[in-house]
Amino acid sequence: MHGRESIGEVIVNNVFGRRRQMSKKVRTEAVDFLFDAILSLKDKEECYTFFEDICTVNELLSLSQRFEVAAMLRDGNTYLEIAEKTGASTATISRVNRSLNYGNDGYDMVFERIK
């Protein structure tokens, strides 16, 4: 929560599309250290090496699944098509869709860069 907002205000702000920023609790020196490590990776093979050490197989597959879901949502696929192709639950698809519509535009930024 930000400042003196109640939990209800936070929910209303997020649901009704007011931009939300990453929680100050997430913006820590430890997370900065992790992001610096990720930014130091030079190629896809180094990414595999690092992420296979730092993530479980399921964590890495979950991240890649969300990214694939986001791409399919941007391409206009239905929830059913996405669920069938990716195995993602409708809850996961809905969360990704909410991030695409009301998040910080991180997905859009990355998709524009990897065109």
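Data block above holds the structure.
Residues numbered from 1 in each chain as written. Predicted model: local features only at pLDDT ≥ 70, side-chain atom pairs only at ≥ 80, totals over all residues. Heavy atoms only, no water.

Student: Give a detailed account of the side chain of T92, specifying residues and quantitative values.
Tutor: Relative to the assigned elements, T92 resides in helix α6 (residues 90–102). Filtering out sequence-adjacent residues up to four positions away, T92 remains in contact with Q65 and R66. (Helix = DSSP H or I, 4+ residues; strand = E, 2+ residues; numbered from the N terminus. Contact = heavy atoms within 4.5 Å.)

Student: Outline the pattern of salt bridges, listing residues and values.
Tutor: Under the criterion given, the structure shown has four salt bridges. Its salt-bridge partner being E112, residue R74 comes within 3.9 Å of it at the nearest N-O pair. In this pair, R74 sits in helix α4 (residues 57–74) while E112 sits in helix α7 (residues 106–113), placing the two residues 38 residues apart along the sequence. What makes R74 partly exposed here is its relative accessible area of 38%. Judged by its relative accessible area of 45%, E112 falls in the partly exposed class. What you see here is one network of salt bridges that share partners, running through R74, D108, E112 and K115. (Salt bridge = Lys/Arg side-chain N within 4 Å of Asp/Glu carboxyl O. Buried < 20%, exposed > 50% of the residue type's maximum accessible area, 1.4 Å probe, protein only.)

Student: Any chance you could break down the packing of aromatic side chains for me, citing the residues and the numbers?
Tutor: Within this structure, the stated rule accounts for four aromatic pairs. Summarising the aromatic geometry, the rings of F67 and F111 are spaced 4.7 Å apart at their centres and angled 25° between planes, so their arrangement reads as stacked. On the criterion of sequence distance, the pair formed by F67 in helix α4 and F111 in helix α7 is long-range, its members being 44 residues apart. On the basis of relative accessibility, which here comes to 10%, the residue F111 falls in the buried class. (Phe/Tyr/Trp six-rings, centres within 6.5 Å; stacked < 30°, edge-to-face > 60°.)

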